[in-house]
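What follows is each chain in one-letter form.
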Amino acid sequence: MTAAIQNGAAKLATFAHLIDGRSVSARDGQTIPVLAPSDGKVFAEIARGTAADVDAAVAAARASFDGAWGRMEAAERGRLLARLAQAILDNAEDLAALESRDTGKPLRQGRADIAAAARYFEFYGGACDKIHGDTLPFLAGHLALTLREAHGVTGHVIPWNYPAQMTGRSAGGALAMGNAVVVKPAEDACLTPLRIAALALEVGFPPGAFNVVTGYGEEAGAALAAHPGIDFLSFTGSPEVGALVQKAAADNHIAVTLELGGKSPQLVFADADLDAALPILVNAIVQNGGQTCSAGSRVLVEQPVYDAVVEGLQERFAGLVAAPYDADGDLGALINARQRDRVAGFIARAREDGIPALAEGRIADNAPSGGFYVAPVLFGPVPQANRLARDEVFGPVLSILPFADEADAISLANGTEYGLVAGIWTRDGARQMRLARAVRAGQVFVNCYGAGGGIELPFGGFGKSGHGREKGFEALYEFSAPKTVVVKHG
Ligand code: NAD
């Protein structure tokens with residue numbers, strides 16, 4: 001699916017759209033250069049999709065839904081998804097290298113992401129023939145039942161932070177219910193979604209069931225979100241663009257799931273097992289360079305252990321190293337120069353605001369100067385009113401805030417516009433339950449934390465974190481709708 005083409009003096013791998021089972025260039029022949037975040041150099045190019053390419057993909061998906069894919073038995077769909085999972089695993093090392101090169105993430109993380117992508121298709125493959133309707137108690141002489149039906153053609157606009165995983169999560173669930181999908185990955189990271197869709201063809205998916213159109217958000221993304229031919233839209237990305245696509249979808253009267261950002265808190269009480277908590281607190285913000293919607297970006301600490309937690313975090317932060325993807329450091333480069341500058345802006349403003357930088361990691365000596373690296377920083381105490389305590393940085397920046405008691409902790413935890421994930425660290429069982437209820441978040445972890453993890457676990461947010469749920473069986477209800485049938489038999 002890649003071809004070497006002549007581009008000036010250098011030969012670049014070109015990744016075309018995958019539409020109707022074929023690898024096709026943009027209608028107007030335009031391309032977008034693909035940069036490796038680790039060194040900032042162009043190493044490939046993708047098709048710059050426009051409305052015409054989106055039209056073709058939606059038409060192909062519709063034909064497949066009305067044809068071979070839509071008519072396929074659920075069990076057979078399940079087998080195909082399972083075969084795709086295996087094909088991803090069979091190609092795991094190549095896919096991990098591609099994912100890491102394309103996004104800058106350490107190879108270790110690339111490997112974990114590919115394993116997770118495979119697991120999504122495996123999980124949803126197994127679920128295909130296990131979602132069904134009900135029979136309903138109704139009037140005498142009538143049989144009432146529900147059929148659970150696919151929407152038809154679903155659009156999936158996904159971000160650059162976990163392209164392979166997001167493809168499995170979003171497209172996997174929709175395909176399981178029998179929808180034909182059009183995926184629009186982020187312009188900065190498209191390569192593994194294209195490769196996964198190509199593997200789907202290889203294992204026997206009918207043409208048109210699984211399409212990928214690449215391009216800029218304002219062009220291909222906006223065209224997909226506003227397309228009258230899609231029946232449902234799954235969007236993962238920023239709150240600002242989420243609002244735009246929801247408005248576009250409203251004009252077509254279709255439902256939308258929005259998986260947006262977060263400012264997820266981890267609450268550490270004085271009775272917590274700090275040895276268990278500390279490495280997880282660090283990993284929850286450093287994983288993927290902090291570019292994780294569910295990153296644990298705020299640590300709220302009960303005053304008696306504040307100094308001990310700060311000390312433990314300082315020690316760990318001081319040893320963190322940002323390195324090229326193939327050096328497999330604690331974190332890699334951020335996705336692009338804009339993201340690096342945005343994160344650097346947050347760090348500079350926090351310093352200007354007089355917030356103490358308690359510890360800093362470093363950038364590896366051998367990191368190419370053209371790469372988009374940011375050394376991790378630990379700030380604290382961060383005043384609740386400061387933007388560092390409220391806004392999503394989407395980088396390796398951790399804020400620590402002290403709290404006095406449980407009520408104070410809840411007020412701080414719920415004190416942002418987001419509500420995606422929370423972590424609670426305490427040995428007190430009753431407090432675990434109270435806090436799990438009181439914290440406004442789509443997922444709550446007690447004495448553990450899953451930044452982005454858990455294929456089986458429904459995931460989604462409140463407020464500026466979005467609405468609707470992906471992952472687990474819950475996603476399958478989003479990607480389908482019940483149809484009620486009533487038969488009068490007398
Ligand atoms: P983004 O909103 O800029 O882009 C996301 C996708 O939307 C990309 O494919 C992009 O091309 C597309 N897009 C951009 N403008 C568009 C438009 N006008 N119309 C239609 N599509 C458009 O987000 P990003 O910078 O790629 O990702 C970072 C954000 O995503 C963060 O806020 C992060 O928290 C969030 N995110 C959320 C989750 C989750 O599951 N809740 C997961 C990953 C990332």
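Calculation notes
- Residues numbered from 1 in each chain as written.
- Predicted model: local features only at pLDDT ≥ 70, side-chain atom pairs only at ≥ 80, totals over all residues.
- Heavy atoms only, no water.
- 1 Å grid on protein atoms, 1.4 Å probe; cavity = no way out; pocket = protein on both sides within 12 Å on 5 of 7 lines; lining within 4 Å.
- Points joined across faces, edges and corners; volume = space filled by probe spheres on them.
- Nonpolar A, V, L, I, M, F, W, Y, C, P; charged D, E, K, R; others polar.
- Helix = DSSP H or I, 4+ residues; strand = E, 2+ residues; numbered from the N terminus.
- Polar contact = N/O pair within 3.5 Å; in protein donor to acceptor, adjacent residues only side chain to side chain.
- Contact = heavy atoms within 4.5 Å.
- Near = heavy atom within 4 Å.
- Areas by Shrake-Rupley, 256 points an atom, 1.4 Å probe, with all protein chains shown as cover.
- Sits in = over half its atoms within 2 Å of the grid points.
- Domains from an automatic or database assignment.
- Buried area = accessible area lost by both parts, 1.4 Å probe.
- Salt bridge = Lys/Arg side-chain N within 4 Å of Asp/Glu carboxyl O.
- Phe/Tyr/Trp six-rings, centres within 6.5 Å; stacked < 30°, edge-to-face > 60°.
- Lys NZ or Arg CZ within 6 Å of the ring centre and 35° of its normal.
- Pairing = 2+ DSSP bridges.
- Axes fitted to C-alpha atoms, helices over the stretch in contact; angles between N-to-C directions.

Which parts of space are left empty comes out when a probe the size of a water molecule is rolled across the atoms. Applying the stated criterion across every chain, the model contains four cavities of 30 Å³ or more. When its volume is computed, the largest cavity comes out at roughly 80 Å³. Contributing to the lining of the largest cavity are Gly262, Lys263, Ile285, Gly290, Thr292, Cys293, Ala295, Ser297, Glu392, Val393, Phe394 and Gly395. Classifying every residue of the lining of the largest cavity by side-chain character gives five nonpolar, five polar and two charged.

We now examine the side chain of serine 234. Residue position: serine 234 is located in strand 12 (residues 232–236). Within the structure, the side chain of serine 234 is placed 2.8 Å from the side chain of serine 170, a separation counted as a polar contact. Separated by 2.6 Å, the side chains of serine 234 and glutamate 470 make a polar contact. Each residue touching serine 234, except ones within four places of it in the same chain, is listed here: Gly155, His156, Val157, Ser170, Thr257, Glu470 and Phe479.

Another point: the site of the ligand. Near the ligand there are 30 residues, and of these Arg169, Glu187, Ser238, Leu260 and Glu392 occur at the shortest range. Glycine 217 is positioned such that a nitrogen or oxygen atom in its backbone is 3.4 Å from an oxygen atom of the ligand. Its free accessible area being 850 Å², the ligand has 91% of it covered by the protein chains. The cavity that encloses the ligand is the largest pocket. Looking at the shell around the ligand, the elements that each hand over two or more residues are helix 6 (163–176), helix 8 (217–225), strand 12 and helix 9 (239–251). Per-element accounting of the shell around the ligand gives the leading share, four residues, to helix 9. When grouped by side-chain class, the residues that make up the shell around the ligand number 18 nonpolar, seven polar and five charged. Counting the residues that make up the shell around the ligand, at least three belong to each of domain 1 (2–260 + 469–483) and domain 2 (265–454).

This part takes up the domain arrangement of the chain. By domain assignment, the chain separates into domain 1 (2–260 + 469–483) and domain 2 (265–454). Relative placement of domain 1 and domain 2: their C-alpha centres are 30 Å apart. The partner domain 2 presents 30 residues to the 26 residues of domain 1 that form the contact. Here domain 1 and domain 2 share an interface that buries about 2200 Å² over both sides, 53% of which is from carbon and sulfur atoms. Where domain 1 packs against domain 2, one counts one salt bridge. Counting every contact that joins domain 1 to domain 2 gives 14 residue pairs in polar contact (both at pLDDT 80 or more). Contributing elements (two or more residues each) for the side of domain 1 that touches domain 2: helix 4 (92–103) and helix 5 (107–127). Ranked by residue count, the leading element in the side of domain 1 that touches domain 2 is helix 4, at five residues. A per-class count over the side of domain 1 that touches domain 2 returns nine nonpolar, eight polar and nine charged.

Okay, the packing of aromatic side chains next. Any aromatic ring pair is given by two values, namely how distant the centres are and how the planes are angled relative to each other. Summed over all chains, the structure comprises ten aromatic pairs. Clustering of aromatic rings is evident, with ring pairs tying together Trp69, Phe121, Phe205 and Phe210. Against the face of phenylalanine 462 rests arginine 469, its NZ or CZ located 5.2 Å from the ring centre.

Attention shifts here to the sheet that holds strand 21 (residues 421–425). Overall, mixed pairing links the seven strands, which are arranged 17-19-20-15-14-21-22 in an open sheet. Here the strands that pair on one side only, and so sit at the sheet edges, are strand 17 (357–360) and strand 22 (443–446). Strand-to-strand twist in this sheet, taken as the mean axis angle between neighbours without regard to direction, amounts to 20°. Summarising the sheet, strand 19 (residues 377–379) and strand 20 (residues 397–403) pair through three bridges and their orientation is parallel. Counterpart to phenylalanine 379 in the pairing with strand 20 is serine 399.

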